[in-house]
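Spelled out from the first residue to the last, the chains are:
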Amino acid sequence: MLKIDKLVVSYGVAPVLREINMAVPQGKIVTLLGANGAGKSTTLKAVSGLLKPLSGDILFCKESISGVSPEKIVKMGVSHVPEGRQVFPGLTVEENLKMGAYINYKPKMVAEKMAMVFDLFPRLKERIKQLAGTMSGGEQQMLAIGRGLMNDPKLLMLDEPSLGLAPIIIDGIFDKIKEINSLGTTILLIEQNANLALSVSDYAYMLSVGKIAMEGDTGEIRDNKNLLEVYLGGDH
Amino acid sequence: MSLVTFVQLIIQGLNMGLIYALAALGISLIWNATSLFNFSQGDLLTIGGYVMLTAFSYLALPYPVAFLITVVVMGVAGYMLSKGYFYPMFKQNFNPQIILIGTVALSIFVRNGILLTWGPDAQTYANPFGSKAVEILGVNIMPHYIWNVVIVAVLVVALQMFLRGTVIGIAMRAVAQKPVAASLMGVKVEQMVSMTFLLSTGLAAISGLLVAPIIPLIPEMGGLLAIKAFAAVLIGGLGSFAGALVGGVIIGIAEVLFATLVVSTYKDVFIFAVLILFLLIRPGGIFKADISEKV
Ligand SMILES: Nc1ncnc2c1ncn2[C@@H]1O[C@H](COP(=O)(O)OP(=O)(O)O)[C@@H](O)[C@H]1O
Ligand SMILES: [Mg+2]
C-alpha cells in the first residue's frame, strides 16, 4: 500500500533521512522504531506532504505522492495523527471530529463516521460538547485517532500515541489500534516503546540516525534483544 | 444632569462603541489567525466610508444595495491584501516587525490614495434613517442609533453562526489554533487566512459606513478610530470575541461621558489613560482570551 524508496529529507543542509526504504503492505500494522531524534516523525511528515523530500520516492497505492500537497494526500486516504496529539484545543470534540472529515465533507457521511468513532471510543461521545483542550491526555489521544479516522483512511499513521500517557491508558489505546486494524485499516505506527509496539505489529523497522538499521517480522526483532538495546537504549 | 440626558449620552456612547467594536473584532480575528496586526485597518475603515459615499451619495443607490456593495468591495480588497501581501510574508517567515512596518507604509499609501481620489474636504451623506428623533419613554433617540444597534447585533449573531455552525467557520478557528494540524486535515491555511482578512476588512468597512453620518469623512480619520479600536481590543482581551465587543462599548461610553461631563478637548487623552489603567490592573484584558474564546 505504501512504499518508500530511497527517501532523503532535510530541514537544512544535513539530511535527516538518508535513503530509507520501507514498505507497508495492505491490512498490516507496521512499526517504525527508533530513539528520540532518529527521524521517525520526519518520515511521517514526508509521507503526509508536510515536508518535500530532497530525493527518492513515496508511492501510495502505486501512485507517487512525493512532494504532493497535504490536502491531496489526505484526500487519497492517508491520515496522519501527529506527535503530541495536536487536537484543536478550543474546538469541541464534535468540531474536532468534523475537521477530520473536512476534505470530503458530506453531512450524512460525517454522521456515520462519527457514530463509528463513538463505537470505538464511547468516552468521546460522553464528551461530545466539551472543549478538547480541557480533556485528559488519554482522551485527547482518543480524539486525535478518532479525528484521523473521520475521512475513512486507507492508511492511518500514528506518531507515538503512547507519549506521556499512563500505562493503563496506553494499553487501552493499543487495544483500539488493533481493533481499527482488524476493521480493515492499514496502520503505520511510530513508537519509542518497542515492547508495546511489537506487541501489536506484524513487521518492524528500526531507524537509527536517519538510516534503517534493521527490519524484520515482529518476532525476529523482538528476539534480538541486544540490538534493540543498542538502538533504543534502556530495558527492552 | 437629568437622568434623561444621562440615558441619551449612554445611548450615544453605545453607538460609537459598537462602531469601534466592529473594527476591534476584525483586529482580533486577524490576530488569532496570524499573530499580527494590520496597522492599515483604520484606513481600510476610511475607504469603506468613502466607497459608501460614492455608492449611496454620488451614485444614489438605495441604502441596502450601497451597503452590500461596500462590504463586498472591501471584503475582496481584504482578501487580495492577504493573498498579495500578508500571506506571502507570513509564509516566508518574515520577521513580524517587518510585516507590521509594511502595514504602516500601506496605511500612508492608502491615505494618500483616498486624498487623490476623493479630495481633502470633509464629506458626508444624509443620514439614511432620517434625522428626526423618536421619543421612547421620554428619551429622544436618533433613529440611526437604534438602527446601528440592530445592524451590529445582526452582524454579531451572523458571525457567530458562521464561525461555529459552518465547516468553513470551524476550519478558520482550527487554523487559528493549530495551523499544521489543520493542514493535515486538508484545510488550506492560506485560504483560511485570506478569508479572515476578508471578514476583518468587511467589518472595518461597516464601521466606516456607519460612522460617516456621525463623523464626516476625511482621508486621515481612520487613524484615530483604529487606535480606539486597538484600545478596545486590549481592554477587552486580545483575540477574544466578547472582549472586542465589551472593550468597544466601554471606550465609546467612557469617551462620550468624559467629553460631556469633563472636557471634550481631552477625550482622546482620557481614553488612553483608561487604556493604560486597564493595562496596569489587568494586562490580559477583561476577557483574557483563553482557548475557548479564541475566534
Ligand atoms: N523543524 C525542524 N527543523 C530542523 N531540524 C529538525 C526539525 N524537526 C526535526 N529536526 C531534526 O531532525 C531530526 C529528526 O527529528 P524527528 O523526525 O522529529 O525525530 P523523531 O521523531 O525520531 O524523534 C532531529 O535531529 C531533529 O533535531
Ligand atoms: Mg517524533
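The structure we're discussing is the one just above.
Remember, it's a predicted structure, so these values are computed and weren't measured experimentally.

Student: With reference to specific residues and values, describe the coordination of the magnesium ion (ligand 2).
Tutor: At 2.0 to 2.2 Å from the magnesium ion (ligand 2) lie its protein donor atoms, namely Ser41(A) (OG) and Glu83(A) (OE). Of the two residues, Ser41(A) is situated in helix 1 (residues 40-48) and Glu83(A) in the loop between strand 6 (78-81) and helix 3 (93-100); the sequence distance between them amounts to 42 residues.

Student: Got a sec to walk through the interface of chain A and chain B? Specific residues and values, please.
Tutor: At the interface, 23 residues of chain A touch 21 residues of chain B. When the buried surface of chain A facing chain B is broken down by residue, Phe88(A), Met99(A) and Tyr102(A) rank first, second and third, together holding 29% of it. Taken together, the connections running from chain A to chain B amount to one salt bridge. Measuring nitrogen to oxygen at the nearest pair gives 3.0 Å for the salt bridge that ties Glu95(A) to Arg173(B). Those elements that provide at least two residues to the side of chain A that touches chain B are helix 2 (70-76) and helix 3 of chain A. Broken down by element, the side of chain A that touches chain B gets its largest block of residues, four residues, from helix 3 of chain A.

Student: Before we move on, could you go through the packing of aromatic side chains and cite the residues and values that matter?
Tutor: Residues and elements named next belong to chain B. Counted by the stated rule, this structure contains 14 aromatic pairs over all chains. Ring plane angle 70° and centroid distance 5.2 Å describe the contact between Tyr63 and Phe129, whose orientation is recorded as edge-to-face. A residue pair is termed long-range when its members are at least 10 positions apart, and Tyr63 in helix 3 (residues 63-91) and Phe129 in the loop between helix 4 (96-118) and strand 1 (134-136) qualify at 66 residues. According to the relative accessible area criterion, Phe129 is buried, its value standing at 19%.

Student: Account for the nonpolar core, naming residues and giving values.
Tutor: Of all hydrophobic cores here, the largest spans 92 residues; its most connected members are Met99(A), Val187(B) and Leu210(B). If you tally residues by element for this core, the top one is helix 1 (residues 3-34) of chain B, at 13 residues. If near-sequence neighbours (up to four positions away) are discounted, Leu210(B) is found in contact with Ile19(B), Leu22(B), Tyr63(B), Asn148(B), Ile151(B) and Val152(B).

Student: I'd love a proper account of helix 3 of chain B, names of residues and values included.
Tutor: Residue and element names in this part refer to chain B. Over its 29 residues, helix 3 runs 39 Å from end to end, which matches the ideal 42 Å to within 8%, given 1.5 Å per residue. Of all the bends in helix 3, the largest measures some 45° and sits at Ser82. Every buried residue of helix 3 is accounted for by Tyr63, Ala66, Phe67, Thr70, Met74, Gly75, Gly78, Leu81, Ser82, Phe86, Tyr87 and Met89. Those residues of helix 3 that are buried lie in contact with helix 2 (41-58), helix 4, helix 5 (143-165) and helix 8 (189-211).

Student: Can you lay out the site of ligand 1 for me, pointing to particular residues and giving the numbers?
Tutor: Residue and element names in this part refer to chain A. All residues adjacent to ligand 1 are Tyr11, Val16, Ala35, Asn36, Gly37, Ala38, Gly39, Lys40, Ser41 and Thr42. Interatomic distance of 3.3 Å between a side-chain N/O atom of Tyr11 and a nitrogen atom of ligand 1. Within the backbone of Lys40, a nitrogen or oxygen atom sits 2.8 Å from an oxygen atom of ligand 1. Protein coverage of the free-state accessible area of ligand 1, which is 560 Å², stands at 57%. Here the element with the most residues in the shell around ligand 1 is helix 1; it accounts for three residues. Tallied by class, residues from the shell around ligand 1 come to four nonpolar, five polar and one charged.

Student: Before we move on, could you go through helix 11 (residues 267-281) of chain B and cite the residues and values that matter?
Tutor: Structural remark: α-helix, 3.6 residues per turn; residues separated by three or four positions point the same way. Residues and elements named next belong to chain B. Between its first and last C-alpha, helix 11 extends 21 Å over 15 residues, near the 21 Å set by a 1.5 Å rise per residue. Listed as buried for helix 11 are Ile271, Val274 and Leu275. The buried residues of helix 11 occupy an angular sector of 100° when the element is viewed end-on, so they sit on one face. Exposed side chains of helix 11 directed beyond 90 degrees from the buried face belong to Val269, Ile276, Leu280 and Ile281.

Student: Would you mind going over the packing of helix 3 of chain B against helix 8 of chain B in detail, with residue names and values included?
Tutor: Residues and elements named next belong to chain B. Running from amino to carboxyl end, helix 3 crosses helix 8 at an angle of 140°, the nearest separation of the two axes being 7 Å. The angle between helix 3 and helix 8 places the two elements in the oblique class. As helix 3 runs across helix 8, the sense of the crossing is right-handed.

Student: So what's going on with the pattern of salt bridges? Residues and values would help.
Tutor: Throughout the structure, instances matching the rule amount to eleven salt bridges over all chains. Between Lys108(A) and Glu112(A) there is a salt bridge, and its shortest N-O distance comes to 3.6 Å. Of this pair, Lys108(A) and Glu112(A) both sit in helix 4 (residues 107-120), four residues apart, which is roughly one turn of that helix. On the accessibility criterion, Lys108(A) (64% relative accessible area) is exposed. Judged by its relative accessible area of 48%, Glu112(A) is partly exposed. Of the charged contacts in the structure, one is a salt bridge between Lys228(B) and Glu255(B), with a shortest N-O distance of 2.4 Å. Taken as a pair, Lys228(B) in helix 9 (residues 221-236) and Glu255(B) in helix 10 (residues 241-261) lie far apart in primary sequence, 27 residues in all. Each member of the pair, Lys228(B) together with Glu255(B), is buried.

Student: Quick rundown of the sheet that holds strand 2 (residues 15-24) of chain A? Include the residues and the values.
Tutor: Residue and element names in this part refer to chain A. As summarised here, the arrangement of the four strands in space is 2-1-4-5, forming an open sheet in which the pairing is antiparallel. With one partner strand each, in any of the chains shown, strand 2 and strand 5 (63-64) form the two edges of the open sheet. Taken together, the two bridges between strand 4 (residues 55-60) and strand 5 define a ladder with antiparallel strand orientation. Bridging across to strand 5, Phe60 finds its partner in Glu63.

Student: Please set out the environment of Leu143(A) residue by residue, giving values where relevant.
Tutor: All names here are of chain A. Inspection of the secondary structure assignment puts Leu143 in helix 6 (residues 137-149). Since its relative accessible area comes to 0%, Leu143 is described here as buried. Separated by 138 residues in sequence, Leu143 and Asp5 place their C-alpha atoms 32 Å apart. If we skip the residues at most four places from it in the chain, Leu143 touches Val87, Val93, Asn96, Leu97, Leu124, Ala132 and Met135.

Reading guide: rules and limits
- Residues numbered from 1 in each chain as written.
- Chains lettered and ligands numbered in written order.
- Predicted model: local features only at pLDDT ≥ 70, side-chain atom pairs only at ≥ 80, totals over all residues.
- Heavy atoms only, no water.
- Donors = N, O, S within 2.8 Å, 3.2 Å for Na, K, Ca; no water.
- Helix = DSSP H or I, 4+ residues; strand = E, 2+ residues; numbered from the N terminus.
- Contact = heavy atoms within 4.5 Å.
- Buried area = accessible area lost by both parts, 1.4 Å probe.
- Salt bridge = Lys/Arg side-chain N within 4 Å of Asp/Glu carboxyl O.
- Phe/Tyr/Trp six-rings, centres within 6.5 Å; stacked < 30°, edge-to-face > 60°.
- Buried < 20%, exposed > 50% of the residue type's maximum accessible area, 1.4 Å probe, protein only.
- Core = buried A, V, L, I, M, F, W, Y, C linked by side-chain atoms within 4.5 Å.
- Expected span 1.5 Å × (residues − 1).
- Bend = angle between axes of the 7 residues up to and from the residue.
- Near = heavy atom within 4 Å.
- Polar contact = N/O pair within 3.5 Å; in protein donor to acceptor, adjacent residues only side chain to side chain.
- Areas by Shrake-Rupley, 256 points an atom, 1.4 Å probe, with all protein chains shown as cover.
- Nonpolar A, V, L, I, M, F, W, Y, C, P; charged D, E, K, R; others polar.
- Arc of directions from axis to C-beta.
- Axes fitted to C-alpha atoms, helices over the stretch in contact; angles between N-to-C directions.
- Parallel < 35°, antiparallel > 145°, perpendicular 65-115°, else oblique.
- Left-handed = near helix turned anticlockwise from the far one by under 90°.
- Pairing = 2+ DSSP bridges.

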